[in-house]
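# Structural characterization, general
Listed below are the residues making up each chain.
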Amino acid sequence: MNEQTVALEDSWKSALSNEFESGYMQKLKAFLVERREMGTRIFPKGSEYFRALDLTPLSNVKVVILGQDPYHGAGQAHGLCFSVQPGVRIPPSLVNIYKELQSDLGIVPPRHGFLEHWARQGVLLLNSVLTVEEAQAASHQGKGWETFTDAVIRKVNDECDAVVFILWGAYAQRKASFVDTSRHLVLKSPHPSPLSAHAGFFGGRYFSKANVFLESHGREPINWQLPADPLDN
């Protein structure tokens, strides 16, 4: 997985060139090739490993939302955290995100879970681990993706101004613990999972707070209203 062979949006490709040339990424590539050659189904498909970066160039990042692993059911994952492909049942955590969005901004939840509309406006929907095996949750943890996505977060922290980091859950909060809060806004809460959402996720008003911060720094706010048709992105 070297820089020359990776299909990736140009600004990220340049910013992360050292990562693609590193030993850990070569080991990760070899691992993924080996697993595919064994007939293992890996999600999302290869062209969507870096979908979050492709849709949100480095210079356009306004908000970062961190997830952990891709969904491991067939047809779900497409490279954006919390998002699922059109026609797929909305996952429980995203149902709760939509509930908070409605409480915060009065936005009626759509009937789909496809979040590319957010990504195209500058919301980096980044999982910590970018691949997973079918029906095997967390199966690609510890293989190198975490180091890569740490580098992504560091680039945003260092090279972008006035970004909102929305960190739901202890895992996301640890991963982005180095973010410079003198330059960026960090919003923290429990994870939106049904197991933890009622412990303080609801009522956080993350979406309105993000827009207030962006506008106060002369940046366009995010239109959090998703289109009724998921393909109208």
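In what follows, the accompanying structure is described. (Residues numbered from 1 in each chain as written. Predicted model: local features only at pLDDT ≥ 70, side-chain atom pairs only at ≥ 80, totals over all residues. Heavy atoms only, no water.)

All chains considered together, the criterion is met by nine salt bridges. One salt bridge connects Glu-134 with Arg-41, and the closest N-O pair in it is separated by 3.3 Å. Of this pair, Glu-134 sits in the loop between strand S4 (132-133) and helix H7 (145-159) while Arg-41 sits in the loop between helix H3 (23-37) and strand S1 (42-43), and the two are 93 residues apart along the sequence. Glu-116 is paired through a salt bridge with Arg-51; the nearest N and O atoms lie 3.0 Å apart. Residue Glu-116 is located in helix H6 (residues 116-120), and its partner Arg-51 is located in helix H4 (residues 51-55); the two are separated by 65 residues in the primary sequence. The class for Arg-51 is partly exposed, based on a relative accessible area of 23%. (Salt bridge = Lys/Arg side-chain N within 4 Å of Asp/Glu carboxyl O. Helix = DSSP H or I, 4+ residues; strand = E, 2+ residues; numbered from the N terminus. Buried < 20%, exposed > 50% of the residue type's maximum accessible area, 1.4 Å probe, protein only.)

Given a rise of 1.5 Å per residue, 15 residues ought to cover 21 Å, and the 21 Å separating the end C-alpha atoms of H3 matches this to within 8%. The complete set of buried residues in H3 reads Tyr-24, Met-25, Leu-28, Phe-31 and Leu-32. When H3 is viewed along its axis, its buried side chains cluster within an angular range of 115° and face the same direction. In this structure, H3 carries Lys-27 and Glu-37 as exposed residues pointing more than 90 degrees from its buried face. If you follow the buried residues of H3, they end up packed against helix H2 (17-20), S1, S4 and H7. Downstream of H3 by one or two residues, Gly-39 has phi in the positive range, about 90°. (Expected span 1.5 Å × (residues − 1). Arc of directions from axis to C-beta. Contact = heavy atoms within 4.5 Å.)

With that settled, consider the packing of helix H5 (residues 92-105) against helix H9 (residues 206-216). Two numbers describe how H5 lies on H9: the axes approach to 7 Å, and their chain directions differ by 60°. Relative to H9, the element H5 lies oblique. Mapping the contact onto sequence places Ile-97, Glu-100, Leu-101, Asp-104 and Leu-105 in H5 and Tyr-206, Phe-207 and Ser-208 in H9. Of the residues assigned to the contact of H5 with H9, the class counts are five nonpolar, one polar and two charged. (Axes fitted to C-alpha atoms, helices over the stretch in contact; angles between N-to-C directions. Parallel < 35°, antiparallel > 145°, perpendicular 65-115°, else oblique. Nonpolar A, V, L, I, M, F, W, Y, C, P; charged D, E, K, R; others polar.)

Inspection of the entire model under this criterion finds 16 aromatic pairs. For the pair Trp-145 and Phe-148, a centre-to-centre distance of 6.0 Å together with 75° between the ring planes defines the contact as edge-to-face. Taken together, the residues Trp-145 and Phe-148, both in helix H7 and three residues apart, mark about one turn of the helix. No difference in accessibility class separates Trp-145 from Phe-148, as the two residues are buried. Consider the rings of Tyr-206 and Phe-207, whose centres lie 6.4 Å apart with planes at 85°: the pair is edge-to-face. Of the two residues examined, Tyr-206 and Phe-207, each falls in the buried class. Connected via pairs of aromatic rings, a cluster forms that spans Phe-82, Trp-118, Trp-168, Phe-201, Phe-202, Tyr-206, Phe-207 and Trp-224. One residue, Arg-154, lies across the ring of Phe-178, its end atom 4.5 Å from the ring centre. (Phe/Tyr/Trp six-rings, centres within 6.5 Å; stacked < 30°, edge-to-face > 60°. Lys NZ or Arg CZ within 6 Å of the ring centre and 35° of its normal.)

A few words on H5. The end-to-end C-alpha distance of H5, which contains 14 residues, comes to 20 Å, matching closely the 20 Å that a straight helix rising 1.5 Å per residue would cover. Restricting attention to buried positions, one finds in H5 the residues Ser-93, Leu-94, Asn-96, Ile-97, Tyr-98, Glu-100, Leu-101 and Asp-104. Looking at the packing, one finds that the buried side of H5 touches H6, strand S5 (164-168) and H9.

This next bit is on the environment of Thr-131. The residue Thr-131 is located in the loop between strand S3 (123-127) and S4 in this model. In this structure the C-alpha to C-alpha distance between Thr-131 and Pro-91, which are 40 residues apart in sequence, comes to 18 Å. Aside from chain neighbours lying at most four places away, what touches Thr-131 is Leu-32, Ile-42, Phe-43, Pro-44, Tyr-49, Pro-70, His-140 and Trp-145. Within the structure, the side chain of Thr-131 is placed 2.7 Å from the side chain of His-140, a separation counted as a polar contact. A distance of 2.8 Å separates the side chain of Thr-131 from the side chain of Trp-145, its partner in a polar contact. (Polar contact = N/O pair within 3.5 Å; in protein donor to acceptor, adjacent residues only side chain to side chain.)

Moving on, we come to the environment of Ser-93. Here Ser-93 is to be found in helix H5. By relative accessible area, Ser-93 is classed as buried at 13%.

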